[in-house]
Amino acid sequence: MASHEDFLVPLTRIHRKELTNNTVYSIVAQYQSEFRGFAEYYQLANDLYRLNTLKWTMEQSLVKTLATELKTTVKKVHKKFGVTWIVERRACKGLQATIPREGKNPLIARWGGISLKRRLQAILNDQPPIIWGGRSELEKRLLADTCELCGSTDRVEVHHIRALKDLERKGRQEKPLWAKVMSARRRKTLVVCWSCHRNIHAGRPVMKPQA
């Protein structure tokens, strides 16, 4: 196992102060996304099970971060957000933050349930995991359930870039429409429908933003 685990463990034993202004939904989603990135990166490793140590450490950090944000205790965080669900026919305990939506499925962020079983046929993805680092502003855009490019409400999701400077690629004659929108709004996230998201990743044109 590479040194990522050794690097993160001492950093995640306490709450993460930089996240305490985020919402519960965003905090839970970010921790899950970060851990999923490690689990998927090392899924071919013989000792993948060693990430259980990292998982436990990150969970302690997560509940302490939530307790700090909510000004409550770790015990009360577990009681309020603790859930159990089935993963690969086994009961799995974790944390869940839910945002209800009238007439639609709720937005759900979960911590836990990521398998650490070695996958010999896995295809590694070197792209960084999506980090839901946005605050309540991103949640409001998700709750609107509308693509920020074409106005569609079909399977709305989030397109994410690591940094705004990534939009300024050398040699690119002209920014694609989605990049212009993100650059103009100074956002690293863009709420888009399933179709627009696929077009972005395929390098195809997307529809003009709604007025």
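Residues numbered from 1 in each chain as written. Predicted model: local features only at pLDDT ≥ 70, side-chain atom pairs only at ≥ 80, totals over all residues. Heavy atoms only, no water.

### As for the overall build of the protein chain
- The number of helices and strands found in the protein chain is seven helices and five strands.
- Counting from the amino terminus, the protein chain carries its helices and strands in the arrangement α-α-α-α-β-β-β-α-β-α-β-α.
- The 211 residues of the protein chain split such that 42% are buried.
- With the model as given, the accessible surface of the protein chain reaches about 13,200 Å², and the carbon-plus-sulfur share is 51%. (Helix = DSSP H or I, 4+ residues; strand = E, 2+ residues; numbered from the N terminus. Buried < 20%, exposed > 50% of the residue type's maximum accessible area, 1.4 Å probe, protein only. Areas by Shrake-Rupley, 256 points an atom, 1.4 Å probe, with all protein chains shown as cover.)

### Digging into the packing of aromatic side chains
- A full pass over the atoms with the stated rule returns three aromatic pairs.
- An angle of 85° between the planes, with centres 5.0 Å apart, marks the rings of Tyr-41 and Tyr-42 as edge-to-face.
- Through pairs of rings, three or more aromatic residues link up here, namely Tyr-31, Phe-35 and Trp-111.
- Cation over ring: Arg-16 sits above Tyr-31, and NZ or CZ is 5.0 Å from the ring centre.
- Geometry around Trp-85 places Arg-110 over its ring, the cationic atom sitting 4.3 Å from the centre. (Phe/Tyr/Trp six-rings, centres within 6.5 Å; stacked < 30°, edge-to-face > 60°. Lys NZ or Arg CZ within 6 Å of the ring centre and 35° of its normal.)

### Observations concerning the packing of helix α3 (residues 51–70) against helix α4 (residues 74–81)
- At a closest axis distance of 9 Å, the pairing of α3 and α4 adopts a crossing angle of 95°. Relative to α4, the element α3 lies roughly perpendicular. Together, Glu-59, Val-63, Lys-64, Leu-66, Ala-67 and Leu-70 of α3 and Val-74, Val-77, His-78 and Phe-81 of α4 make up the contact between the two elements.
- Class assignment for the residues of the contact of α3 with α4 results in seven nonpolar, one polar and two charged. (Axes fitted to C-alpha atoms, helices over the stretch in contact; angles between N-to-C directions. Parallel < 35°, antiparallel > 145°, perpendicular 65-115°, else oblique. Contact = heavy atoms within 4.5 Å. Nonpolar A, V, L, I, M, F, W, Y, C, P; charged D, E, K, R; others polar.)

### Describing the confidence of the model for the protein chain
- On average, residues of the protein chain score 79 in pLDDT, and 79% of them reach the 70 mark or higher.
- Taken element by element, the protein chain is modelled with least confidence in helix α1 (residues 4–8), mean pLDDT 48, and with most confidence in α4, mean pLDDT 95.
- Considering only residues more than four positions removed or in separate chains, one finds that residues 128–135, a stretch of pLDDT under 50, has 25 contacts. (pLDDT = per-residue confidence, 0-100.)

### Quick word on the sheet that holds strand β2 (residues 90–101)
- Strand order in this open sheet of three strands is β1-β2-β3, and the pairing throughout is antiparallel. Here the strands that pair on one side only, and so sit at the sheet edges, are β1 (82–87) and β3 (104–111). Strand-to-strand twist of the sheet, defined as the mean angle between neighbouring strand axes without regard to direction, takes the value 55°.
- Summarising the sheet, β1 and β2 pair through six bridges and their orientation is antiparallel. Residue Ile-86 lies in a different strand from β2, and its bridge partner there is Ala-91.
- Sitting on the sheet, α3 is in contact with β2 and β3, with an inclination near 120° to β3.
- Against the sheet, α4 contacts β1 and β2, and its axis sits at roughly 50° relative to β1. (Pairing = 2+ DSSP bridges.)

### Things to note about the pattern of salt bridges
- One pass over the full model with this rule turns up five salt bridges.
- Of the charged contacts, one joins Glu-157 and Arg-198 as a salt bridge, the two residues approaching to 2.9 Å between their closest N and O atoms. Placement of the pair is Glu-157 in strand β4 (residues 157–160) and Arg-198 in helix α7 (residues 194–202), with a sequence separation of 41 residues.
- Taking the relative accessible area as the measure of exposure, Glu-157 reaches 22% and is therefore partly exposed. (Salt bridge = Lys/Arg side-chain N within 4 Å of Asp/Glu carboxyl O.)

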